[in-house]
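Here is what each chain is made of, one letter per residue.
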Amino acid sequence: MLRVSAVAERAGVPAVSLVSEGFVGQARNTAAGIGMPGLALAVVPSHPDVQSDAELAANVANTTLGMVVDGLTGAVAEVGALSEPDPDVPVFEGTYDEVNRFFTENLWSDGLPIVPPTRERIEAFLAFTDRPADAVLGNALPDNRAATVRSVAVNGVMAGCRPEYMPILVALAEAMVDPAYGNEHSGNTPGAETQIVLNGPLIKQLGFNYEQGALRDGVQANTSIGRFWRLYLRNVAGFLLHQNDKGTFGGTWRVVLAENEDVLAEMKWPTVAVDAGAPEGANAVSVARYTGAHVVVSVFGRTAEECVPYLADALVKYTGWELIFTVGMANGTYRPMLVLSPIIAKTIASSGWTKAMLQQALFEQARMPARLFEQYISGWTNLVPGKRSLFDLARLGKAPKMFGASRDPERLVPIVFEPGHITIAVAGDPLRTNCYCLTHNGMLGFPTTKLVALPDDWRARDRPRSGSVQLCGGR
């Protein structure tokens, strides 16, 4: 709404954005980020979902209406610009503790100690890319701040990354600023978190964990790069708690999921990146935002036919309001991900199944009654107005015909538009039969894949050598 208001104001047409009381801070910060801090807001007190019709009408009449009138009759909002520090001028000098205190006070830290981004450390990161330090990768919403190669290096240092991770960090920044990803939604109230999937030779060359403990912190590459994403969201995109980040609960950053490409090659299954269009064997990062994750424990079976029903049940069981991205708020954008442990993936493949066959079977079996689907999108929630049935939505052309095959409320309908919308990854303990299901945030963090560009001689480039330090204490 604010972005539409900004377009109108720039055209000389007064505009006002209606904002629920809980989103006023986010609206003001977003307005500043798009360069128009003076955009008029009209506040709706409390939250519309918990008010009676009479309460809502009274609040709108007594509070909101006057703000609308004032906003429409006031001056057109002025266009401003973000004031940024000179990247060549040091912002602070002090001890390690003093630097961390300064960064925390300025909201540049995630609450954990950061590695001070000294000029020497930044230059070490820049040495692992051929792109100029001031090259702009795009603008990061909602603050609309230019994402530069230098800012990638700065936040990579802070996150505890190694300089040789720099090409991956640049690719991630490119994904973040890609409009197809929808980064401006990263602060929405469900508090979804981004999962990074890595493919290519860099998995082994840089020591990523792709076996036991995948998705747990403890390995520098997986952990620090996951932290980099969150820091870049804060420091460049502008997502800060109580401001643009309005996650009701939220979570912390996710460590990088590196696929087990040895097992995928053995089964002749494509990687996540190849499924997304990347060349075979290429280094690539894929990102998507997920509202939650759930372990599928002790998958049992000796054939694909025996394993799939449990996996399909998990996809259905852990999917709820996210169905508005299948039919409703945005059609066909729901992309749940299922991470198979290698032993389960190989069990399924040993039945002669390709990944596409597994996706087809999951598409056919991961279904729910139409009445339950409708409850999720417009019965228990108000996310799809009108409370139309799936049958009516299909008849009106607002949903595929398969959702309106009959009026039977007990008929089973799929949770995605097509089999390929179920993302399949392979990682984790090679000899454990547990799998992992992630529910996707639809168009609000749509899957986006970027190739990792390496300098021709990147493996021969010098790694930095730090001076010696004295450590005290024991384990």
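To be clear, the structure that these remarks concern was listed above.
In this text the structure is predicted, and so the values were computed from the model without any measurement.

A. Expanded view of the overall build of the protein chain. Of the regular secondary structure elements, the protein chain holds 16 helices and 13 strands. Taking all 475 residues of the protein chain together, 50% fall into the buried category. For the protein chain, long-range pairs separated by at least 24 residues make up 78% of all intrachain contacts whose partners lie at least 6 apart in sequence. As presented, the protein chain carries roughly 22500 Å² of accessible surface, and 54% of it is formed by carbon and sulfur atoms.

B. Examining the pattern of salt bridges more closely. Going through the model one piece at a time under the given rule, you end up with 13 salt bridges. The partner of Asp 275 in a salt bridge is Lys 355, with the nearest N and O atoms 2.7 Å apart. Here Asp 275, found in helix 11 (residues 272-275), pairs with Lys 355, found in helix 14 (residues 355-365); they are 80 residues apart in sequence, far enough to count as distant. On the basis of relative accessible area, Asp 275 is assigned to the partly exposed category, the value being 43%. Note that Asp 313 and Lys 317 form a salt bridge whose closest N and O atoms lie 3.1 Å from each other. Of this pair, Asp 313 and Lys 317 both sit in helix 12 (residues 304-317), separated by four residues, roughly a single helical turn. Overall, the relative accessible area of 35% leaves Asp 313 in the partly exposed class.

C. Structural detail: the environment of Arg 234. Position of Arg 234 relative to the elements: it lies in helix 9 (residues 220-237). Taking C-alpha positions, Arg 234 is 8.1 Å from Ser 109, a pair spaced 125 residues apart along the chain. The contacts of Arg 234, once residues within four sequence positions are left out, are Leu 107, Trp 108, Ser 109, Asp 110, Phe 239 and Leu 240. In this structure the side chain of Arg 234 is engaged in a polar contact, spanning 2.8 Å, whose partner is the backbone oxygen of Ser 109.

D. Quick look at the nonpolar core. Grouped together as the largest cluster of nonpolar side chains are 55 residues, with contacts concentrated most on Val 152, Met 166, Ile 168, Leu 172, Phe 208 and Ile 225. Top contributing element to this core by residue count: helix 7 (residues 166-177), with 10 residues. Beyond its immediate stretch of four places on either side in the chain, Met 166 contacts Phe 125, Leu 126, Phe 128, Thr 129, Val 149, Val 152 and Ala 153. Among the nonpolar cores identified, the runner-up in size contains 50 residues, and Val 299, Ile 377, Ile 422 and Ile 424 belong to it.

E. Region of interest: the side chain of Glu 374. Counting through the fold element by element, Glu 374 comes out in helix 15 (residues 370-379). Of the side chains with opposite charge, Arg 411 comes closest to the buried, unpaired Glu 374, at an N-O distance of 4.6 Å. Apart from residues no more than four positions distant in its own chain, Glu 374 is found in contact with Gly 379, Ser 389 and Leu 390.

F. Structural context of helix 15. Within the sequence span of helix 15, burial applies to Ala 370, Phe 373, Glu 374, Ile 377 and Ser 378. One face of helix 15 carries all of its buried residues, which in axial projection span an arc of 95°. Next to the buried residues of helix 15 lie strand 9 (367-369), helix 16 (390-395) and strand 10 (412-414).

G. A nonpolar patch on the surface, seen in detail. Among the surface-exposed residues, Val 295, Val 297 and Tyr 310 lie close enough to one another that they form a single nonpolar patch of about 230 Å² accessible area. Mapped onto the elements of the fold, Val 295 is located in strand 7 (residues 284-296). With relative accessibility at 41%, the residue Val 295 sits in the partly exposed group.

H. Quick peek at the environment of Glu 280. Of note, Glu 280 is situated in the loop between helix 11 and strand 7. Note on Glu 280: relative accessible area 66%, which makes it exposed. Separated by 81 residues in the primary sequence, Glu 280 and Asn 199 place their C-alpha atoms 9.8 Å from one another.

I. The pairing of strand 7, seen in detail. Where strand 5 (residues 193-199) and strand 7 come together, seven bridges link them in antiparallel fashion. If you follow Val 197 over to strand 7, its bridge partner there is Ser 286. Here strand 7 runs beside strand 13 (residues 448-451); their pairing, made up of four bridges, is antiparallel. Looking at strand 13, one finds that Ser 286 is bridged to Thr 449. Sheet topology places strand 7 next to strand 12 (residues 435-440); six bridges connect them, and they run antiparallel. Residue Val 295 lies in a different strand from strand 12, and its bridge partner there is Tyr 436.

J. A look at unusual backbone geometry. Leu 141 connects to Pro 142 through a cis peptide bond whose omega is 10°. Assignment of secondary structure puts Pro 142 in the loop between strand 3 (136-140) and strand 4 (145-148). Not every positive phi belongs to a glycine, and Asn 144 is a case in point at roughly 60°. Along the chain, the position of Asn 144 falls in the loop between strand 3 and strand 4. A positive phi angle is found at Leu 215, which is not glycine, with a value near 80°. Note on placement: Leu 215 falls in the loop between helix 8 (202-205) and helix 9. Of the residues examined, Leu 215 reaches a relative accessible area of 27% and is grouped as partly exposed.

Cut-off values and rules
Residues numbered from 1 in each chain as written. Predicted model: local features only at pLDDT ≥ 70, side-chain atom pairs only at ≥ 80, totals over all residues. Heavy atoms only, no water. Helix = DSSP H or I, 4+ residues; strand = E, 2+ residues; numbered from the N terminus. Buried < 20%, exposed > 50% of the residue type's maximum accessible area, 1.4 Å probe, protein only. Contact = heavy atoms within 4.5 Å. Areas by Shrake-Rupley, 256 points an atom, 1.4 Å probe, with all protein chains shown as cover. Salt bridge = Lys/Arg side-chain N within 4 Å of Asp/Glu carboxyl O. Polar contact = N/O pair within 3.5 Å; in protein donor to acceptor, adjacent residues only side chain to side chain. Core = buried A, V, L, I, M, F, W, Y, C linked by side-chain atoms within 4.5 Å. Lys, Arg positive; Asp, Glu negative; His and termini not counted. Arc of directions from axis to C-beta. Patch = residues over 30% accessible without salt bridge, like charges linked within 9 Å, V, L, I, M, F, W, Y side chains within 5 Å. Pairing = 2+ DSSP bridges.

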